[in-house]
Amino acid sequence: MKLLHTADWHLGKIVNSVHMTEDQRYILQEFLKIVDDEQPDAIIIAGDLYDRSIPPREAVELLNDVLTELVIDKKIPVLAISGNHDSPDRLEFGSQLFRSQQLYLDTKLKGEFHPVTLTDGHGPVHFHLVPYLEPAEVRQFFDDDSVQSHHQAAERMIDHIKSNHDMSERHVWIGHSFLAGGMETESEERLSMVGGSPYVDAELFEDFSYVALGHLHQPQRVRSEHIRYSGSILKYSFSEANHRKGVTVVELTGGDTTIRQVPLKPRRDLEVVEGYLDDFLNLELPDHPENYLHVKLLDDGQLVDPMGKLRRKYPNILRLERNMLSSQKKLEDLTKIKERQEMSHTDLFASFYEEMKGDAIPEKRSRHIEQVINKLMTEERVK
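Residues numbered from 1 in each chain as written. Predicted model: local features only at pLDDT ≥ 70, side-chain atom pairs only at ≥ 80, totals over all residues. Heavy atoms only, no water.

Colleague: In this structure, what is going on with the overall build of the chain? I would like to understand it.
Modeller: The helix and strand inventory of the chain stands at 11 helices and 19 strands. Computed over C-alpha atoms, the radius of gyration of the chain comes to 23 Å, within 12% of the 21 Å expected from 2.2 N^0.38 for 383 residues, which places it in the range of a compact globule. Oriented by its inertia axes, the alpha-carbon framework of the chain measures out at about 70 × 60 × 40 Å. Taken over 383 residues, the chain has a buried fraction of 49%. Pairs at least 24 apart in sequence give 67% of the contacts found in the chain among residues at least 6 apart. As displayed, the chain has an accessible area near 19,000 Å², and 48% of this comes from carbon and sulfur atoms. Counting 46 positive and 66 negative side-chain charges, the chain places the centres of these two groups 4 Å from one another. (Helix = DSSP H or I, 4+ residues; strand = E, 2+ residues; numbered from the N terminus. Rg over C-alpha atoms; globule rule 2.2 N^0.38 Å. Buried < 20%, exposed > 50% of the residue type's maximum accessible area, 1.4 Å probe, protein only. Contact = heavy atoms within 4.5 Å. Areas by Shrake-Rupley, 256 points an atom, 1.4 Å probe, with all protein chains shown as cover. Lys, Arg positive; Asp, Glu negative; His and termini not counted. Charge placed at Lys NZ, Arg CZ, Asp CG, Glu CD.)

This is how it looks when you write it as structure tokens:
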């Protein structure tokens, strides 16, 4: 069985104040060309179809157009889940009706949590569609108070799968989570850390034939070849400038799994370039001047309206930076950024409180803030 694995479309995304919908429409047309070339038996979309819980109209229309072409025109089954950016309630609308057209879209834990089973010449392939879930949702579904972290939530669900299915058959996990050891970029929204770590250990998934993941935007394997992030379809921050975006092609036979990446070429790339202002104005420094650019100027002296001058030649500059910080200062800043990225929402507020007040936050207030954060995150998930 041949599968196309994609994720993190983030339809409706805005990058440095630029709406990316037309770029997304272009890249999804390229994706459809890959579908025509590869002729897959099924397509997996591992979460974050939209960039926010209430997507703009253009993003909804684009998703409708692409899914309609896949399941109605091309007659290819699509297996999709919601990610942490999607609204489970909004995305769930019509999902039961869509199943008759082989559009399988799961956004919540419900019912008996049965897999979607497709068959080929080697027998059945069981697809377990696991949307992004907070540990509390899994705890409530299984009535298991021991589930306190994302890892424990995944472990509980896998135990349920193993106790109800023959794992000697082929099983595919479709999920949206953060596996320990995965490489992050600055464009991914940090998953909830309230009440426990957001990380899931990849060892849990060793018994699956393939693990199709979303959330991390860089295409990558984690621990094993068959545990994969397909990556996002476009570069959504300059921290992704060196990524090679694409679609993961997976072929499941009776016992072997072969995996390869097919590249996606965007209409405009994101590129980081550096040099002197005069060189940018008088030479063709970027290979493709129409790209979305992060320009780092090396000039030391005062510059008059550098952005205005550059934009006349390079209309898609999104960021301009003077590269004047010392190496030591850059290292200190990077260390601080990394430390903050690893902090929970509660710890971030505690750090802010201490910076503003000059004293550590009292334990009573800290507990109150944690309750508020939990409440806000729950409300955001059901918008």
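Now, onward.
Colleague: How do you make sense of helix α5 (residues 135–142) when you look at a structure like this?
Modeller: Because each turn of an α-helix spans 3.6 residues, side chains separated by three or four positions end up pointing in the same direction. Of all the positions in α5, only Pro135, Val138 and Phe142 are classed as buried. Here the buried residues of α5 occupy an arc of 65 degrees about the axis, which is enough to place them on one side. Buried positions along α5 lie against α6 (150–164). Aspartate 143 occupies a position one or two residues after α5 and carries a positive phi of about 50 degrees. (Arc of directions from axis to C-beta.)

Colleague: Just checking my understanding: could you explain the pattern of salt bridges for this structure?
Modeller: Any two side chains of opposite charge can pair, on the condition that their charged atoms come close. Here the structure, examined in full by the defined rule, presents 26 salt bridges. Note that arginine 260 is salt-bridged to glutamate 38, the shortest N-O span being 2.7 Å. On the criterion of sequence distance, the pair formed by arginine 260 in strand β16 (residues 257–263) and glutamate 38 in helix α1 (residues 21–38) is long-range, its members being 222 residues apart. Judged by relative accessible area, which is 37%, arginine 260 ranks as partly exposed. Here aspartate 207 makes a salt bridge to lysine 162, at a shortest N to O gap of 2.8 Å. Placement of aspartate 207 in the loop between β11 (199–200) and β12 (210–214) and of lysine 162 in helix α6 is noted, with a sequence separation of 45 residues between them. Several salt bridges converge on common partners, so that one network encompasses Lys2, Glu38, Glu251 and Arg260. (Salt bridge = Lys/Arg side-chain N within 4 Å of Asp/Glu carboxyl O.)

Colleague: Where do I start with the pairing of strand β4 (residues 42–46) in this structure?
Modeller: Successive residues of a regular strand alternate their side chains across the two faces of the sheet. Burial runs high along β4: five of the five residues are buried. With burial as the criterion, each face of β4 is covered, one bearing Ala42, Ile44 and Ala46 and the other bearing Ile43 and Ile45. Relative to β4, strand β1 (residues 2–6) runs parallel, the two being bridged by four bridges. Bridge assignment links threonine 6 to a residue of β4, and that residue is isoleucine 45. Bridge count for β4 against strand β5 (residues 78–81) is four bridges, and the pairing is parallel. Residue pairing across strands places alanine 46 opposite isoleucine 81, the latter belonging to β5. (Pairing = 2+ DSSP bridges.)

Colleague: When you look at the packing of aromatic side chains in this model, what are you seeing that I'm missing?
Modeller: Aromatic ring pairs are described here by two measures, namely the spacing of the ring centres and the angle between the planes. Throughout the structure, instances matching the rule amount to eight aromatic pairs. With centroids separated by 5.8 Å and ring planes inclined at 70 degrees, the aromatic side chains of tryptophan 9 and phenylalanine 31 adopt a geometry described as edge-to-face. One end of the pair, tryptophan 9, is in the loop between β1 and β2 (14–15); the other, phenylalanine 31, is in helix α1, and 22 residues separate them in sequence. For the pair formed by tryptophan 9 and phenylalanine 31, the shared burial category is buried. (Phe/Tyr/Trp six-rings, centres within 6.5 Å; stacked < 30°, edge-to-face > 60°.)

Colleague: Can you help me understand the side chain of asparagine 291 in this one?
Modeller: The residue asparagine 291 is located in the loop between α7 (277–282) and β18 (292–297) in this model. A residue is classified by how much of its surface remains accessible, and asparagine 291, at 5% relative accessible area, is buried. Contacts of asparagine 291, omitting those with residues within four sequence positions, involve Arg268, Asp269, Glu271 and Asn316.

Colleague: Any chance you could explain the nonpolar core here in plain terms?
Modeller: Side chains of nonpolar character tend, in soluble globular proteins, to be buried together. Counting 39 residues, the largest nonpolar core has Trp9, Leu28, Phe31, Ile43, Leu70 and Val78 as its most contacted members. Where this core is concerned, the elements lending two or more residues are α1, β4, α2 (57–73), β5, β6 (103–106) and β15 (246–252). Per-element tally for this core: the top contributor is α2, with seven residues. Leaving out residues up to four positions away in the same chain, phenylalanine 31 has contacts with Leu4, Thr6, Trp9, Ile43, Leu70, Val247 and Leu264. Core analysis: the next-biggest nonpolar cluster, separate from the first, contains 27 residues, Phe113, Ala153, Leu204 and Tyr229 among them. (Core = buried A, V, L, I, M, F, W, Y, C linked by side-chain atoms within 4.5 Å.)

Colleague: Got a minute to help me understand a nonpolar patch on the surface in this structure?
Modeller: On the surface, a nonpolar cluster with roughly 310 Å² of combined accessible area is contributed by Phe349, Phe352 and Met356. Note that phenylalanine 352 resides in helix α10 (residues 345–357). Given the relative accessible area of 46%, phenylalanine 352 is considered partly exposed. (Patch = residues over 30% accessible without salt bridge, like charges linked within 9 Å, V, L, I, M, F, W, Y side chains within 5 Å.)

Colleague: Got a minute to help me understand the sheet that holds strand β17 (residues 270–275) in this structure?
Modeller: Two orientations exist for strands paired in a sheet by backbone hydrogen bonds: parallel and antiparallel. Strand order in the open sheet formed by three strands is β17-β18-β19, with parallel pairing between adjacent strands. At either end of the open sheet lies a strand with only one pairing partner, and these are β17 and β19 (317–322). Across the sheet, the mean angle separating the axes of adjacent strands is 15 degrees when strand polarity is ignored. Pairing analysis gives six bridges linking β17 to β18, with the strands arranged parallel. Within the sheet, the bridge partner assigned to valine 273 lies in β18 and is valine 295. Running over the sheet, helix α8 (residues 306–313) touches β18 and β19 and is turned about 140 degrees from β19. (Axes fitted to C-alpha atoms, helices over the stretch in contact; angles between N-to-C directions.)

Colleague: What exactly am I supposed to notice about the sheet that holds β6 here?
Modeller: Here six strands make up an open sheet; going across it, the order is β6-β5-β4-β1-β15-β16 and the pairing mixed. Each edge of the open sheet is held by one strand with a lone partner, namely β6 and β16. Put simply, the sheet's adjacent strands are angled 20 degrees from each other on average, direction ignored. In terms of strand pairing, β1 meets β15 through four bridges, oriented antiparallel. Bridge pairing in β15 places lysine 2 opposite glutamate 251. Lying on the sheet, α2 is in contact with β4, β5 and β6; it crosses β5 at an angle near 145 degrees.

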